[in-house]
Amino acid sequence: MSEAADLPSLWTHEPHIHLAFRPGDKVANIHTNATPGFSGKKGDAPALQAERNQRLAELQEMLYANSKTAGDTRSVLLVLQGMDTAGKGGIVKHVVGAANPQGIRYTSFGKPTEEELAQHYLWRIRRALPPAGHIGVFDRSHYEDVLVVRVHNLVPPDVWGARYDEINAFERELVDGGMTLIKVAMFVSLKEQKKRLAERLERPDKYWKYNPGDIDERLLWPKYEEAYQAMLDRTSTDPAPWHIVPCDRKWYSRLAITELLIEALEALNMSWPPADFDIQAERRRLAEA
Ligand code: AMP
Ligand code: MG
């Protein structure tokens, strides 16, 4: 075993339980700079992250291998929702990025195109779902259709209002089909968001992430808070529960989401697929080849 694998876990609670949204939880009360369930410090993060990324990569490969050779049709979908600067891109880069791209299906959902707008809002979502053996990653998702759409009334209230139940039915269908959904709501404080937006304005390597519209959305936070609350209240279901991750400390949010992924993959109880050929015979053939 490598040295990194000997590190103590530093988690005092299983993140999927500790970070689970519970009925009655209020978005307004989230401590965005907290590190729930984690007893370590920032200085512990790099080594632990590296170790856990390795574990994640191993599990991902196992999922992929089972789909290729053992007919396992299961898949995993990580749904990342959060306001600008919450760190969705960082999760993709620093957590998912450690896995083999072959088994990852990444999609970021921006403002719908003309083509997408002409379709049902779940059309583009269905097209992006991970195939068997893959981990799908949604950077934003169908939840934009009850968040930004609700805040800006892009469709009438009875239309977005009907979407909560529709989304629940859609997700149940996915889970029944063998997909594990890991829904993560990422929350950053307004103060931390201001700092991160300021950084985007100061660093030439970050201009590309800056969008003048981010400030308009920021000013609408009370409305977004309401929309996020309704999303959590109405779409955290048994088959597809929400998790709340405080994101003021990037090192924590990355560790936490890594654990959520690892826990979900471990729950699939996978092992390496057995050889579907005669190993001894193949060894002999190779020796003589
Ligand atoms: P970013 O994630 O920074 O690339 O920004 C994507 C933008 O697209 C955000 O402002 C989202 O709110 C917006 N967006 C994503 N999905 C939708 C949607 N269904 N309707 C309207 N705007 C959307
Ligand atoms: Mg943005």
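Structure shown above.
These notes cover the structure that comes with them. (Residues numbered from 1 in each chain as written. Chains lettered and ligands numbered in written order. Predicted model: local features only at pLDDT ≥ 70, side-chain atom pairs only at ≥ 80, totals over all residues. Heavy atoms only, no water.)

Each packed pair of helices is defined by two parameters, the angle between the axes and the distance between the axes. Where helix α8 (residues 163-176) meets helix α11 (residues 221-235), the axes come as close as 10 Å, and the angle between the chain directions of the two elements is 50 degrees. In terms of orientation, α8 and α11 fall into the oblique class. Considering only the axes of α8 and α11, their crossing is right-handed. Counted together, Y164, D165, N168 and E171 of α8 and A230, M231, R234 and T235 of α11 form the full contact between these two elements. Classifying every residue of the contact of α8 with α11 gives three nonpolar, two polar and three charged. (Axes fitted to C-alpha atoms, helices over the stretch in contact; angles between N-to-C directions. Helix = DSSP H or I, 4+ residues; strand = E, 2+ residues; numbered from the N terminus. Parallel < 35°, antiparallel > 145°, perpendicular 65-115°, else oblique. Left-handed = near helix turned anticlockwise from the far one by under 90°. Contact = heavy atoms within 4.5 Å. Nonpolar A, V, L, I, M, F, W, Y, C, P; charged D, E, K, R; others polar.)

Within a sheet, adjacent strands bond to each other through the backbone by hydrogen bonds, running parallel or antiparallel. The strand order across the open sheet formed by five strands is β2-β3-β1-β4-β5, and the pairing between neighbours is parallel. Of all the strands in the sheet, just β2 (104-108) and β5 (242-246) have a single pairing partner and so form its edges. Averaged over all pairs of adjacent strands, the angle between strand axes in this sheet comes to 20 degrees, irrespective of strand direction. As paired strands, β2 and strand β3 (residues 135-139) are joined by five bridges and run parallel to one another. Pairing of T107 across the sheet is with F138, part of β3. Along the sheet face, α11 touches β1 (75-82), β4 (179-187) and β5 and points at about 155 degrees away from the line of β4. Of the strands in this sheet, β1, β3, β4 and β5 touch helix α12 (residues 250-266), which is tilted by about 155 degrees from β5. (Pairing = 2+ DSSP bridges.)

A few words on the pattern of salt bridges. Any two side chains of opposite charge can pair, on the condition that their charged atoms come close. Under the counting rule described, the total for this entry stands at 18 salt bridges. A salt bridge links D84 to R140, with the nearest nitrogen and oxygen atoms 3.1 Å apart. Of this pair, D84 sits in the loop between β1 and α3 (88-94) while R140 sits in the loop between β3 and α6 (148-151), and the two are 56 residues apart along the sequence. Per residue, the accessibility class of D84 equals that of R140, and both read buried. Residue E144 is joined to R140 by a salt bridge in which the shortest nitrogen-to-oxygen separation is 3.0 Å. Several salt bridges converge on common partners, so that one network encompasses E199, R203, D205 and K206. (Salt bridge = Lys/Arg side-chain N within 4 Å of Asp/Glu carboxyl O. Buried < 20%, exposed > 50% of the residue type's maximum accessible area, 1.4 Å probe, protein only.)

What follows covers α8. Taking 1.5 Å of rise per residue, the 14 residues of α8 would be expected to cover 20 Å, and the 20 Å separating its terminal C-alpha atoms lies within 8% of that figure. Buried residues of α8: R163, Y164, I167, N168, F170, E171 and L174, and no others. Down the axis of α8, the buried side of the element spans an arc of 165 degrees, and every buried residue falls inside it. Those residues of α8 that are exposed and aimed more than 90 degrees away from the buried face are D165 and D176. In this structure, the buried residues of α8 make contact with α5 (123-127), α6, α7 (157-161), β4 and α11. (Expected span 1.5 Å × (residues − 1). Arc of directions from axis to C-beta.)

This part takes up the packing of aromatic side chains. Scanning all chains against the criterion turns up eight aromatic pairs. Ring centres 5.9 Å apart and planes at 50 degrees place the aromatic pair W11 and Y252 in the tilted group. You can see W11 sitting in the segment before α1 (15-18) and its partner Y252 sitting in helix α12, a full 241 residues away along the chain. Judged by relative accessible area, Y252 falls into the buried class, the value being 0%. On the basis of an interplanar angle of 90 degrees and a centroid distance of 6.4 Å, the ring pair of W251 and Y252 is categorised as edge-to-face. With respect to class, W251 is no different from Y252; both count as buried. (Phe/Tyr/Trp six-rings, centres within 6.5 Å; stacked < 30°, edge-to-face > 60°.)

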